[in-house]
Amino acid sequence: MNHSRKHISSLSATAALAFLCVIFAYPFVWMFCSGFKTDAEVFALFPLLPQHFDLVHYRGLLSGAWIPYPRLFLNSLFIASLETIFATAFACGAGYVFAKFDFRFKKTLFILAVAAVLVPRQALALPLFVWMNKLSLLDTPWSVILPGTASGVGFLYFIAVFRRLPDPLLDMARCEGAGEYRVFLSTLPLIKPALIAFALIQFVLCWQEHLIPLIMLSTQTHLTVTLGLASLNAGNLRVPYGLLLAGCTLTLIPTALFFVLAHRHFRSALASLTEA
Amino acid sequence: MSARTKPLPFLLMAPFFAALFVFWLIPVFKGLWLSLQSDELFGDSVFVGLSHYRDLMHDGRFWHALRNTFVYCGMAVILIPPFALALAHLLKHTYRRSRGLIQFCLMMPGLTPPLVLALLYVLVFNGPHGLLNRTFLHPLGLPDIDWIRDPRFIKASLVLLALWRWTGFITLLFLSGLEGIPRSYYDTTRAEGASAWQLFRHVTLPLLRPVTAFVAALLFLDAFALFEGAYVLLGGSGGSLDAGLLLISYSYLTAFTLGSFGSAAAIAFASLPLLMTALWFILSQGRHRKPAAA
């Protein structure tokens, strides 16, 4: 009796979520299929699946006839990867020091980092633009990467992560004669899930960033892929919808791949975080 | 070994704080300075004191954008977490083997650039072929709604967009939180005769408090900084009757369309105290029995 009741509740929960998944995922399926269709087919409700897998839009996109798509894609990858690596490394190092050491001005610096969480980068877009202009970094990838390297949220996250690491473990490494930097390096394998989870979130957010690249970058070959798509959509180019949607489809690949690969670590890091 | 005797690995924290100083603190002061200058972009601007802020007090569009932003932030914070918490409960009861796929489907919008999401929203949900009109209005015999141009529905569209984007991630966060609650808590409370609702009310909710506060702060911050969604849906303007005009878009418009940098900086900075207070309030709600982190 109890067993079958559990079965029913599992079944209904799965059914309810499956219904929601269909709503959530339908536009993506539509987008994927539309990449192979002509404009007339795109907006016809049936059939959803393309009649034949015509690669004309993908060829048009990758040949750079409308926008230098492959170039923009690489720009985005470069920016998001470097921003992720820097932000993760910086936040991890600073978080470690704040979790395990006491020193003068610690409180002041901490308050500063918290203030950085409360004032988002988007609100500082304008002064950042003027500042980057003064540093003559405008229209380079660095003008987008550098403002994202100090992540206040990451700093707080890694303090929590390192707090959970027992001190005797570090003392053991010290007794074996490791210097302080070696001790830090020896802790990294222990917090691998946290590192991967933070890097994943950071990468996804950098990949999605729109406002900062929009104001910083201007040369067409320097743009990020989302800016390129925006220009395709906004211009009076009469771009085929199939081509636009093919471009959209490709932007999903890096983040979706990263998520699938890192999913296990991601879940375990979330679990440890929510316990903290 | 006490904390005091260890040599401080200064180099580990130097890069973070260097970046924070150069790319956060300096822009903050630059922005403040900018907001006290006249509107010329480079070179000839003169010090005008607080006059931009005084002008803002009489600027109807500013108050409008401020109200829109906070209504939108508030709606996102009030609607999304309960929805995601319900989904997390459901997800906990599904068949183990189906979970991966369900999570992936729910996460999908979160992994997509908001610009693409907004585009899909426009193309799939809006218009006479749009799913929103087709599924909700046509069966009831109601006329089509233009979900983007009708000022009454712009904010609803923005909230739906945020819901679509964040539900997956927040559901995962809540699920982790739920799975972190020891079973024995429930067993003990149930043994005392508590109903399912009482279990939820007195065990689950208090233990999820820190996660909930974190989620609320995240949503608030993201909603405040929202730009792409509004930018695509409304083509960079405030939409009809400015119903979708948000602070960040207004600041952007003022700076890059009108070229008034001083005023634009003042718009951003005038709204910061409110944002910081709201976030501080949300985060302080999550701190039960835990002392301040520093």
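*Asks:* I tried to follow the packing of aromatic side chains on my own but got confused; where do I start?
*Replies:* The relation between two aromatic rings is expressed through the spacing of the ring centres and the mutual angle of the planes. In this structure the tally under the stated criterion is 36 aromatic pairs over all chains. A ring pair is formed by F155(A) and F16(B), whose centres lie 4.9 Å apart and whose planes are at 15°; its orientation type is stacked. Taken together, the residues F155(A) in helix α8 (residues 152–163) and F16(B) in helix α1 (residues 10–34) connect one chain to another. Ring centres of F62(B) and W63(B) lie 5.5 Å apart, and the angle between their planes is 70°; this geometry places the pair in the edge-to-face category. Looking at W63(B), the relative accessible area reads 41%, which means it is partly exposed. A connected cluster of aromatic rings, assembled from ring pairs, spans Y96(A), F101(A), Y157(A), F158(A), F162(A), F184(A) and F198(A).

*Asks:* How should I be thinking about the confidence of the model for chain A in this particular structure?
*Replies:* When pLDDT is low, close inspection of the predicted coordinates is not appropriate. When pLDDT is averaged along chain A, the result is 87, and 95% of the positions lie at 70 or above. Here helix α2 (residues 39–42) of chain A is the element of chain A with the lowest mean pLDDT, 76, and helix α4 (residues 69–100) of chain A is the one with the highest, 95.

*Asks:* Whenever I open this one, unusual backbone geometry confuses me. Can you help?
*Replies:* Generally, phi is negative for residues other than glycine and the peptide bonds are trans, each holding for most cases. Residues and elements named next belong to chain A. With phi around 65°, F105 is a residue other than glycine that occupies positive phi space. Tracing the chain through its elements places F105 in the loop between α4 and α5 (106–118). The class for F105 is exposed, based on a relative accessible area of 54%. One non-glycine residue, S136, adopts positive backbone phi at about 45°. Tracing the chain through its elements places S136 in the loop between α6 (125–134) and α7 (142–145).

*Asks:* Even after reading the chapter, I still don't get the interface of chain B and chain A, so can you show me in this structure?
*Replies:* It is common to give the size of an interface as the accessible area lost on bringing the parts into contact. Tallying the contact residues gives 96 residues for chain B and 99 residues for chain A. Summed over both sides, the interface between chain B and chain A buries roughly 8,900 Å², with carbon and sulfur atoms accounting for 81% of that surface. Of all residues in chain B, the largest losses of buried area upon contact with chain A belong to L12(B), F16(B) and F23(B), amounting jointly to 8% of the total for that side. The interface formed by chain B and chain A holds zero salt bridges in total. Element by element, the count of residues in the side of chain B that touches chain A is highest for α1(B), at 20 residues. Of the residues belonging to the side of chain B that touches chain A, the class tally is 78 nonpolar, eleven polar and seven charged.

*Asks:* It is not clear to me how a nonpolar patch on the surface should be interpreted in this structure. Could you clarify?
*Replies:* Judged by side-chain polarity, Y181(A), L8(B), F10(B) and L11(B) come together as a nonpolar surface patch covering roughly 400 Å² of accessible area. One can find F10(B) in helix α1. A relative accessible area of 49% places F10(B) in the partly exposed class.

*Asks:* How do you make sense of the side chain of K100(A) when you look at a structure like this?
*Replies:* Counting through the fold element by element, K100(A) comes out in helix α4. Within the structure, K100(A) has its side chain in polar contact with the side chain of D167(A) (distance 3.1 Å).

*Asks:* Sorry, what's going on with helix α3 (residues 60–93) of chain B here?
*Replies:* For an α-helix the count is 3.6 residues per turn, leaving residues at separations of three or four pointing the same way. Its 34 residues place the ends of α3(B) 50 Å apart at the C-alpha level, agreeing with the 50 Å of an ideal helix rising 1.5 Å per residue. For α3(B), the capping residue at the N-terminal end is D59(B), with a side-chain oxygen 3.0 Å from the backbone nitrogen of R61(B).

*Asks:* What is the right way to look at helix α11 (residues 247–257) of chain B in this model?
*Replies:* All names here are of chain B. α11 sits mainly inside the fold: nine of its eleven residues count as buried. Along α11, the positions that sit buried rather than exposed are L247, I248, S249, Y250, S251, Y252, L253, T254 and A255. One or two residues past the end of α11 sits G259, with phi positive at roughly 75°.

*Asks:* Quick question: what am I supposed to make of the side chain of T94(B) here?
*Replies:* You can see T94(B) is positioned in the loop between α3 and α4 (99–111). We classify T94(B) as buried; its relative accessible area is 5%. Among the polar contacts made by the side chain of T94(B), one reaches the main-chain carbonyl oxygen of L91(B) at a distance of 2.7 Å. Beyond its immediate stretch of four places on either side in the chain, T94(B) contacts S10(A), A13(A), T14(A), L17(A), R99(B) and I102(B).

*Asks:* Before we go on, may I ask you to explain the environment of A196(B) in this structure?
*Replies:* Residue placement: A196(B) occurs in helix α9 (residues 196–224). Counting along the chain gives ten residues from A196(B) to Y186(B), while the straight-line C-alpha distance between them is 9.6 Å.

*Asks:* What should I look at first to understand the layout of surface pockets in this one?
*Replies:* Any space left empty among the atoms is revealed by the rolling of a water-sized probe across them. In this structure, the second largest pocket spans a volume of roughly 1,000 Å³. K6(A), K92(B), H93(B), R183(B) and R190(B) are the residues nearest the centre of the second largest pocket, which is lined by 24 residues in total. When contributions to the lining of the second largest pocket are tallied by element, the ones reaching two or more residues are α1 (2–34) of chain A together with α3, α7 (151–179), α8 (183–191) and α9 of chain B. In terms of residue count, α1(A) provides more of the lining of the second largest pocket than any other element does, five residues in total. Here the lining of the second largest pocket is composed, by residue class, of seven nonpolar, eight polar and nine charged.

*Asks:* Just checking my understanding: could you explain the pattern of salt bridges for this structure?
*Replies:* Where charged atoms from two side chains of opposite charge come close, those side chains can pair. Tallying each qualifying case throughout the model produces nine salt bridges over all chains. With a closest N to O distance of 3.6 Å, R121(A) and E83(A) form a salt bridge. A residue pair is termed long-range when its members are at least 10 positions apart, and R121(A) in the loop between α5 and α6 and E83(A) in helix α4 qualify at 38 residues. We classify R121(A) as partly exposed; its relative accessible area is 23%. For E83(A), a relative accessible area of 3% gives the class buried. For the salt bridge of R190(B) with D187(B), the shortest nitrogen-to-oxygen distance reads 3.6 Å. Linking R190(B) with D187(B), this pair stays in helix α8, spanning three residues, or about one helical turn.

Here is what the cut-offs are and how they apply
Residues numbered from 1 in each chain as written. Chains lettered and ligands numbered in written order. Predicted model: local features only at pLDDT ≥ 70, side-chain atom pairs only at ≥ 80, totals over all residues. Heavy atoms only, no water. Phe/Tyr/Trp six-rings, centres within 6.5 Å; stacked < 30°, edge-to-face > 60°. Helix = DSSP H or I, 4+ residues; strand = E, 2+ residues; numbered from the N terminus. Buried < 20%, exposed > 50% of the residue type's maximum accessible area, 1.4 Å probe, protein only. pLDDT = per-residue confidence, 0-100. Contact = heavy atoms within 4.5 Å. Buried area = accessible area lost by both parts, 1.4 Å probe. Salt bridge = Lys/Arg side-chain N within 4 Å of Asp/Glu carboxyl O. Nonpolar A, V, L, I, M, F, W, Y, C, P; charged D, E, K, R; others polar. Patch = residues over 30% accessible without salt bridge, like charges linked within 9 Å, V, L, I, M, F, W, Y side chains within 5 Å. Areas by Shrake-Rupley, 256 points an atom, 1.4 Å probe, with all protein chains shown as cover. Polar contact = N/O pair within 3.5 Å; in protein donor to acceptor, adjacent residues only side chain to side chain. Expected span 1.5 Å × (residues − 1). 1 Å grid on protein atoms, 1.4 Å probe; cavity = no way out; pocket = protein on both sides within 12 Å on 5 of 7 lines; lining within 4 Å. Points joined across faces, edges and corners; volume = space filled by probe spheres on them.

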